[in-house]
There are 4 protein chains.
Amino acid sequence: MIHLMNDYDCVGHPVVLEALRGHQDKRFSNYGSDEKTAEAKAVLLGLLEKPGADVHFIPTGTLTNLTALSAFLRPHEAVIAPVTAHIFAHETGAIEATGHKVLSVETKDGKLGPEDISSVVEVHTDEHMVKPRLVYISQTTEFGGVYTSAELRALRGACDEYGLLLYIDGARLAYALASSRCDFGLPEIAELADAFYLGGAKIGLLFGEALVICNPQLQDDFRFLIKQRGGLMGKGFLLGIQFLALLEDGLFLELGEQANSAAAALYEGLKSLGYEFEIVTESNQVFPIVNKDELARLSANIEFEAWNRLSSTRSSIRFVTSWQTTEDDIEAVLTLMTRSA
Amino acid sequence: MIHLMNDYDCVGHPVVLEALRGHQDKRFSNYGSDEKTAEAKAVLLGLLEKPGADVHFIPTGTLTNLTALSAFLRPHEAVIAPVTAHIFAHETGAIEATGHKVLSVETKDGKLGPEDISSVVEVHTDEHMVKPRLVYISQTTEFGGVYTSAELRALRGACDEYGLLLYIDGARLAYALASSRCDFGLPEIAELADAFYLGGAKIGLLFGEALVICNPQLQDDFRFLIKQRGGLMGKGFLLGIQFLALLEDGLFLELGEQANSAAAALYEGLKSLGYEFEIVTESNQVFPIVNKDELARLSANIEFEAWNRLSSTRSSIRFVTSWQTTEDDIEAVLTLMTRSA
Amino acid sequence: MIHLMNDYDCVGHPVVLEALRGHQDKRFSNYGSDEKTAEAKAVLLGLLEKPGADVHFIPTGTLTNLTALSAFLRPHEAVIAPVTAHIFAHETGAIEATGHKVLSVETKDGKLGPEDISSVVEVHTDEHMVKPRLVYISQTTEFGGVYTSAELRALRGACDEYGLLLYIDGARLAYALASSRCDFGLPEIAELADAFYLGGAKIGLLFGEALVICNPQLQDDFRFLIKQRGGLMGKGFLLGIQFLALLEDGLFLELGEQANSAAAALYEGLKSLGYEFEIVTESNQVFPIVNKDELARLSANIEFEAWNRLSSTRSSIRFVTSWQTTEDDIEAVLTLMTRSA
Amino acid sequence: MIHLMNDYDCVGHPVVLEALRGHQDKRFSNYGSDEKTAEAKAVLLGLLEKPGADVHFIPTGTLTNLTALSAFLRPHEAVIAPVTAHIFAHETGAIEATGHKVLSVETKDGKLGPEDISSVVEVHTDEHMVKPRLVYISQTTEFGGVYTSAELRALRGACDEYGLLLYIDGARLAYALASSRCDFGLPEIAELADAFYLGGAKIGLLFGEALVICNPQLQDDFRFLIKQRGGLMGKGFLLGIQFLALLEDGLFLELGEQANSAAAALYEGLKSLGYEFEIVTESNQVFPIVNKDELARLSANIEFEAWNRLSSTRSSIRFVTSWQTTEDDIEAVLTLMTRSA
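This is a predicted model, so every value here is computed, not measured.

Peer 1: For this particular structure, what's the right way to read the overall build of chain A?
Peer 2: When its secondary structure is counted, chain A shows 14 helices and 13 strands. Over its C-alpha atoms chain A spans a radius of gyration of 21 Å, differing by no more than 12% from the 20 Å that the globule rule assigns to 341 residues. The dimensions of chain A, computed from C-alpha atoms along their principal axes, are 65 × 60 × 35 Å. By residue count, 66% of the 341 residues in chain A fall in the buried class. Counted over contacts in chain A with a minimum sequence separation of 6, partners at least 24 positions apart contribute 73%. Total accessible area on chain A stands at roughly 11,600 Å², and carbon and sulfur atoms take up 49% of it. One way to put it: in chain A the 28 positive side-chain charges average out to a point 4 Å from where the 47 negative ones average out.

Peer 1: Please clarify how the pairing of strand β6 (residues 165-170) of chain A should be interpreted in this entry.
Peer 2: Along any regular strand, the residues point their side chains to alternate faces of the sheet. Residue and element names in this part refer to chain A. Burial of β6 is extensive: six of the six residues sit out of reach of the surface. Of the two faces of β6, the one holding L165, Y167 and D169 and the one holding L166, I168 and G170 are both buried throughout. Across five bridges, the pairing between strand β5 (residues 131-138) and β6 is parallel. By the bridge assignment, V135 is partnered in β6 with L166. With four bridges joining them, β6 and strand β7 (residues 195-199) adopt parallel strand pairing. Across the sheet, G170 pairs through a bridge with L198, a residue of β7.

Peer 1: Looking at this model, I keep getting lost on the interface of chain C and chain B. Mind explaining?
Peer 2: Interface size is often expressed as the accessible area that is lost when the parts come together. Chain C puts 48 residues into the contact, and the matching count from chain B is 48 residues. At the boundary of chain C with chain B, total buried surface from both sides reaches about 4,200 Å², with 56% on carbon and sulfur atoms. On the surface where chain C and chain B come into contact, there are four salt bridges. Connecting chain C to chain B are 20 residue pairs in polar contact (both at pLDDT 80 or more). Mapped onto the side of chain C that touches chain B, the elements with two or more residues apiece are α1 (14-22), α3 (61-72), α5 (94-97), α10 (222-229) and α11 (237-247) of chain C. Looking at the side of chain C that touches chain B, the element that brings in the most residues is α1 of chain C, giving five residues. Among the residues making up the side of chain C that touches chain B, the classes are represented as 21 nonpolar, 18 polar and nine charged.

Peer 1: Whenever I open this one, the sheet that holds strand β2 (residues 54-58) of chain C confuses me. Can you help?
Peer 2: As a general point, the strands of a sheet are linked pairwise by backbone hydrogen bonds and lie either parallel or antiparallel. All names here are of chain C. Taken in spatial order, the seven strands of this open sheet run β2-β8-β7-β6-β5-β3-β4, and their pairing is mixed. Of all strands in the sheet, those bounded by a partner on one side alone are β2 and β4 (102-105). If you compare each strand with its neighbour and ignore which way they point, the axes differ by 25° on average. Note that strand β7 (residues 195-199) and strand β8 (residues 209-213) share five bridges and pair antiparallel. Bridge pairing in β8 links A195 to I213. Across the sheet, α10 is in contact with β2 and β8; its angle to β2 comes to roughly 10°. The sheet contacts of α11 involve β2, β7 and β8, and relative to β2 the element is tilted by about 110°.

Peer 1: Before we go on, may I ask you to explain the relation of the copies chain C and chain B in this structure?
Peer 2: Both copies of the chain are placed relative to one another by a rotation about an axis and a shift along it. Turning chain C through 180° and shifting it by 0.0 Å along the axis lays it on chain B, with an RMSD of 0.0 Å. Here the transformation between the copies is reduced to the relation of a two-fold axis. The overlap is high: 100% of the interface residues of chain C also sit at the interface in chain B, so the same surface is used on both sides.

Peer 1: What's the story with the relation of the copies chain A and chain D in this structure? I'm lost.
Peer 2: The operation relating chain A to chain D is a screw motion whose rotation component is 180°, with 0.0 Å of axial translation and a residual RMSD of 0.0 Å. Comparing interface residues between copies, 100% of those in chain A also sit at the interface in chain D, which points to an isologous, same-surface contact.

Peer 1: Is there a simple way to think about helix α11 (residues 237-247) of chain B in this case?
Peer 2: Every α-helix winds through 3.6 residues per turn, so residues three or four apart in the chain are directed the same way. When you tally the buried positions in α11 of chain B, you get eleven out of eleven residues, the bulk of the element. Its buried side turned inward, α11 of chain B meets α1 (14-22), α2 (35-48), β2 (54-58), β7 (195-199), β8 (209-213) and α12 (251-272) of chain B.

Peer 1: What is the right way to look at a negative patch on the surface in this model?
Peer 2: Where like charges cluster on the molecular surface, the negative patch consists of E248, D249, E254 and E257 of chain A. E257 of chain A sits in the partly exposed class, given a relative accessible area of 42%.

Peer 1: I would appreciate a short explanation of the interface of chain A and chain D in the present structure.
Peer 2: Residue-level contacts link 48 residues of chain A with 48 residues of chain D. For the pair chain A and chain D, the summed buried area comes to about 4,200 Å², and 56% of that belongs to carbon and sulfur atoms. Here chain A is connected to chain D by four salt bridges. Salt-bridge contacts for D9 of chain A lead to R27 of chain D; the nearest nitrogen and oxygen are separated by 3.0 Å. Our count for the contact surface shared by chain A and chain D stands at 21 residue pairs in polar contact (both at pLDDT 80 or more). Counting only elements with at least two residues in the side of chain A that touches chain D, the list comes to α1 (14-22), α3 (61-72), α5 (94-97), α10 (222-229) and α11 (237-247) of chain A. Examining the composition of the side of chain A that touches chain D, we find that five residues originate from one element, α1 of chain A, more than from any other. Looking at side-chain class alone, the side of chain A that touches chain D contains 21 nonpolar, 18 polar and nine charged residues.

Peer 1: So what exactly am I meant to see when it comes to the state of the cysteines here?
Peer 2: Every disulfide links exactly two cysteines, by a covalent bond between their sulfur atoms. The tally for this structure, following the rule as stated, stands at zero disulfides over all chains. Counting only cysteine sulfurs, C214 of chain A is the nearest neighbor of C159 of chain A, a cysteine outside any disulfide, at a range of 13 Å.

Peer 1: Would you mind showing me how to read the sheet that holds strand β8 (residues 209-213) of chain D here?
Peer 2: Residue and element names in this part refer to chain D. With mixed pairing, seven strands are arranged side by side in an open sheet as β2-β8-β7-β6-β5-β3-β4. The open sheet has two edge strands, β2 (54-58) and β4 (102-105), and neither has a second partner. Ignoring which end each strand starts from, the neighbouring axes of this sheet average 25° apart. Bridge count between strand β6 (residues 165-169) and strand β7 (residues 195-199): two bridges; the pairing is parallel. Bridged to Y167 within β7 is A195. Docked against the sheet, helix α7 (residues 149-162) engages β5 (131-138) and β6, running at close to 145° with respect to β6.

Peer 1: Sorry if this is basic, but what is going on with the packing of aromatic side chains here?
Peer 2: One pair of aromatic rings is described through two measures. These are the centre distance and the angle between the planes. In this structure the tally under the stated criterion is 38 aromatic pairs over all chains. With centroids separated by 5.1 Å and ring planes inclined at 65°, the aromatic side chains of F287 of chain C and W307 of chain C adopt a geometry described as edge-to-face. Pair noted here: F287 of chain C is in the loop between β9 (285-286) and β10 (289-291) and W307 of chain C is in strand β12 (residues 305-309), with a separation of 20 residues, a long-range link. For F287 of chain C, a relative accessible area of 0% translates into the label buried. Given a relative accessible area of 25%, W307 of chain C falls into the partly exposed group. Through a chain of ring-to-ring contacts, the aromatic side chains of F143, F287 and W307 of chain A assemble into a single cluster. Between K111 of chain D and the ring centre of Y147 of chain D, over which it is positioned, the NZ or CZ distance is 5.6 Å.

Peer 1: For this particular structure, what's the right way to read the side chain of Q242 of chain D?
Peer 2: When you line up the elements, Q242 of chain D lands in helix α11 (residues 237-247). Take Q242 of chain D: its relative accessible area is 0%, and that puts it in the buried class.

Peer 1: Would you mind going over the pattern of salt bridges with me for this structure?
Peer 2: Side chains carrying opposite charge are able to pair once their charged atoms draw close together. Scanning the entire structure with this criterion turns up 76 salt bridges over all chains. With a shortest N-O distance of 3.9 Å, E77 of chain B and R133 of chain B are connected by a salt bridge. In this pair, E77 of chain B is assigned in strand β3 (residues 77-82) and R133 of chain B in strand β5 (residues 131-138), connecting sequence segments 56 residues apart. Overlapping salt bridges bring together E18 and R21 of chain A together with E18 and R21 of chain D as one network.

Peer 1: Even after reading the chapter, I still don't get unusual backbone geometry, so can you show me in this structure?
Peer 2: In this chain, Q139 of chain A is followed by T140 of chain A through a cis amide linkage whose omega measures -5°. Within the secondary structure, T140 of chain A sits in the loop between β5 and α7 (149-162). Positive phi, close to 50°, is recorded for T92 of chain A, a residue that is not glycine. The backbone phi angle of D221 of chain D is positive, close to 60°, even though this residue is not glycine. Looking at the element boundaries, D221 of chain D is found in the loop between β8 and α10 (222-229). Taking relative accessible area as the criterion, D221 of chain D reaches 21% and is therefore assigned partly exposed.

Peer 1: Teacher, can you tell me more about the confidence of the model for chain A here?
Peer 2: As a general rule, the predicted coordinates of low-pLDDT regions are not to be interpreted in detail. Overall, the prediction assigns chain A a mean pLDDT of 97, with 100% of residues at 70 or greater. Across the whole predicted complex the pTM is 0.97, and at the interface the ipTM reaches 0.97.

What counts as what
Residues numbered from 1 in each chain as written. Chains lettered and ligands numbered in written order. Predicted model: local features only at pLDDT ≥ 70, side-chain atom pairs only at ≥ 80, totals over all residues. Heavy atoms only, no water. Helix = DSSP H or I, 4+ residues; strand = E, 2+ residues; numbered from the N terminus. Rg over C-alpha atoms; globule rule 2.2 N^0.38 Å. Buried < 20%, exposed > 50% of the residue type's maximum accessible area, 1.4 Å probe, protein only. Contact = heavy atoms within 4.5 Å. Areas by Shrake-Rupley, 256 points an atom, 1.4 Å probe, with all protein chains shown as cover. Lys, Arg positive; Asp, Glu negative; His and termini not counted. Charge placed at Lys NZ, Arg CZ, Asp CG, Glu CD. Pairing = 2+ DSSP bridges. Buried area = accessible area lost by both parts, 1.4 Å probe. Salt bridge = Lys/Arg side-chain N within 4 Å of Asp/Glu carboxyl O. Polar contact = N/O pair within 3.5 Å; in protein donor to acceptor, adjacent residues only side chain to side chain. Nonpolar A, V, L, I, M, F, W, Y, C, P; charged D, E, K, R; others polar. Axes fitted to C-alpha atoms, helices over the stretch in contact; angles between N-to-C directions. Least-squares fit on C-alpha atoms with pLDDT ≥ 70 in both. Patch = residues over 30% accessible without salt bridge, like charges linked within 9 Å, V, L, I, M, F, W, Y side chains within 5 Å. Disulfide = S-S within 2.5 Å. Phe/Tyr/Trp six-rings, centres within 6.5 Å; stacked < 30°, edge-to-face > 60°. Lys NZ or Arg CZ within 6 Å of the ring centre and 35° of its normal. pLDDT = per-residue confidence, 0-100.

Here you go:
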């Protein structure tokens, strides 16, 4: 079986696991007050070139999103997000459960533009409606798309114009940073976003996301909020140890590049084989369109996600590569998918 | 000035006000435990032909909606509603503020059909998404449209198929019941809905809405919920006195008919004058399309709401009639709007 | 029957009802954007001598409390209140339902002192606990007690020391202002509190409370919050008309004095008759201690609330006077309660 | 340094860490739909002798508590808990943040008795107050105390009498089960509680708690709630692997016994040395009372928590033992604490 289902189907990268094992005989102070956590934060702040930012390690992405957004908003303030946003579509109403409306915008490709922001803000005119206050985007998008520096700056501009916060869900930020389309770095993300998180679980950690609060006005008392929502781990040092392993020698970028290369090879290979795609590949996700017979055949040999049923005979499927995807995997997939002449 | 802005711009109907004055020297027990409230409930239950239903009088419509919906739903359960629904568009995220997502559906005319329900339910397949549990409609709709008996039964059918509750926001239910399009009565509403409310403030009361919980499984402890959300008035008897005045001699239907007749006269008159309409009139709202000059001229003489800007030269406007709208008002409007030959 | 059950058992004061009737033929703009509301606010601001304050009229006390407190607090911030506070004991967890903990303090007489505030603040030391942020008191207290100017200033001092907001629930503020113990006026209340409300329903209005937000940092977007919680009445002008009637000629103080005088007469009269009291009377509530036989006899002739069962033979009861309490009522009660020699 | 600060200051037990490493090359299906999770659940259900129970693995204790309690309660329903309960005192208002009041009861030793339940239920009589619906206890208590079978049955009886749910926070349940005071087993816990959790993080796991929902009426849709609150891990298999390692060969009991023995040795040894204790040791926590000089001296050599300052010269301190506490540690502590004659 070739595994292209997702990028979080294994325990963790050996370097990360080794780091945990290497600290097995140590004792740590609790709730993230330990040295490893401090060290990991320092390394990340160094990468961000943003000394005034606050870093918090939180066990899951949904918890990160809901803790951050509910901390940043007053009760009547709402979030603007693409209709495909994880918080809108796949977190079981987690944001609404904290009391806030998510105002969704239809988009072509899961990417929000400044005009989407205007269109929402302009119809929210009085106290009978929620007040848009925060723009949520994902980098990469749900479909592996990558916002360029120019696109991010345009969003920031719209946010400034309307007095909105910009929040970037970076569950797969490492893949964006490692993308060939990437013309920005972590410092630019930290400069443009009021807050963002750098995901760990999808890039080799056992678990853990690193929330960065760049805007000082959003930083007060944040540990209270983490605790209240259930995200303050007694063994906070586990997050410190893991993120240190991921960040200190650039492992996150390395793993991102590896996965993106595999995806690019898959994408180019399939294109050569005559496949069409529902979405262009910009990071570690590939969306070929296959026919019924192909779908059946592939299912027997590859783990992947069925994406969209396009007609009675054609479907798109999703391949997600990771640091575990090998050249052999790619070759095997291309062989399996070679169409007979 | 001719007043066609809305149906809640005056203190209240004289009969209602007189009822309050008539009880000025009496003393009542508190929080709705008084005789007048009991009497008003009994009269309403009689009209509903639904002895097992529970009636609660609540000061405002938004409070009624948010108290009821949050009482009926578990945290992960969501509401299906037209994108134009009052709770989705004009209650400042009141439902979300209680923790629940509202799943909106685009509709042609503000009316939900069974296929809209299916379309939402069918894409909510697992625990990464909220679970649709309650269908919210307004009768009349936000645009004065009236669901027929057949339409309501079709919705009920879809709700039964998918295990959903049906909730009817009846802020203007009196106008629906008095509509010429009406082929249903209060008993049918009470039969089909799990809960609904009969609005008072838009039909001559000073304030107050009558929530009816038809489904016995939703009735437990409801007074706790009203109190918790702030809707339990110490002087609950004020609601009892008013609703008794509105219901005991059919005043609510009388006032509804009066307003609907005025709207129909306006609609037919304007049609004769050559006007087109954005929405067909089925109750007490009329939506003529006017040009720029007409808009300016009318604004000087009539209070109304600008509705949609359709082009640089054409707009729809909204006239709302009420029991206070006179034949003279109608005549004056038609005179004002007569287009020179 | 003599009515001493509470101060909200009748429709409303004739002046208030007459004011409503006097506007019966007028039309008003909606949601409190009308002239009467503006006028009532101006009158109240004049009385407060606090031109920068914001006034909002809200239908019920619980709604006022929950809307204000949830607007002022971030999710991890908590309220300090006496264990007997209305929000802690008798609003069905309304504050907690908005997500905030209420930290209760045992008190001797329902009054909070600076040492109560310190004692709570000092044990809330880190992010594993909520952060105390707002002090809630009632003026008069639940038992009719009146904080003096010195007591209020001491509380304000403690709030300033610890960075806390001071909120005063004034459901019966008129009775406090009219108390013989009163050495403060509305301007002093407005100077010391970050926000407070002046109750209407217990002093002759049909319904309505006037929330005053004195602290400019708490004023932003407050109408959004009122709408979201269900307190924005379409017919907001009803509140404006009533408050204008109550405030413009000092009616609220007049009614307060009338009720307090009646209570004082009752208190002194009963003292002369040899009764003891559970609580000293400072406003419109009287708490005599009666024996079993007396309790039974009184119940047949007076409507009042049984307060505390002190032993198998002795109970305290509560008499609440209002503007409707007459000298005849007092005399009749005293006659009924005269103990045979 | 001797480490007696807490039982969660190290990465995890070698067996657990080895189990993770042993699965490093495998791929798993996501969100807990994997075989390891299924296997771990089956083992736990076997230990419970309760085939109809539902098991969910959740990353942290606070998340477990808040997800479960908010899933089980309607908005007006409240929790009864000791004033020292973790959810009341040390989870930053997490339960209130989901909308529910926690009704606290003063206790002598952190243990709730049936009379505490009655005392709360009996004063919550109507809709102006929250409705008590769930009793929360911790086993062991916050102070290491162990409820006996008889005590648990008495609580269950009171819950049945008043229609209340019984929830047991078992962050340290393994220590209770391994206590010499223990006259019950997991099956009895599962029989008596409507839901409980068996903590992992304090007994050798890296992280993870096992929530068991015994009452079938509370089981519906629970995965929705876990997801909504942020506790559904993409890599759910990590929890399955760890709990399997902890449960399949009884490791949790073994580690509990080891820690309890160490605590008992410490307790008896200190008693022999003439120390008094603030709380009697029943599991893995020891609370000796020391004087000022001793406190200073111990701080230099042992990591522990200062507990209560009892006077200007005497304080209680807390030692927590774990599977890592060695005989040498105990001996060293006793030597350090030997009082000169």
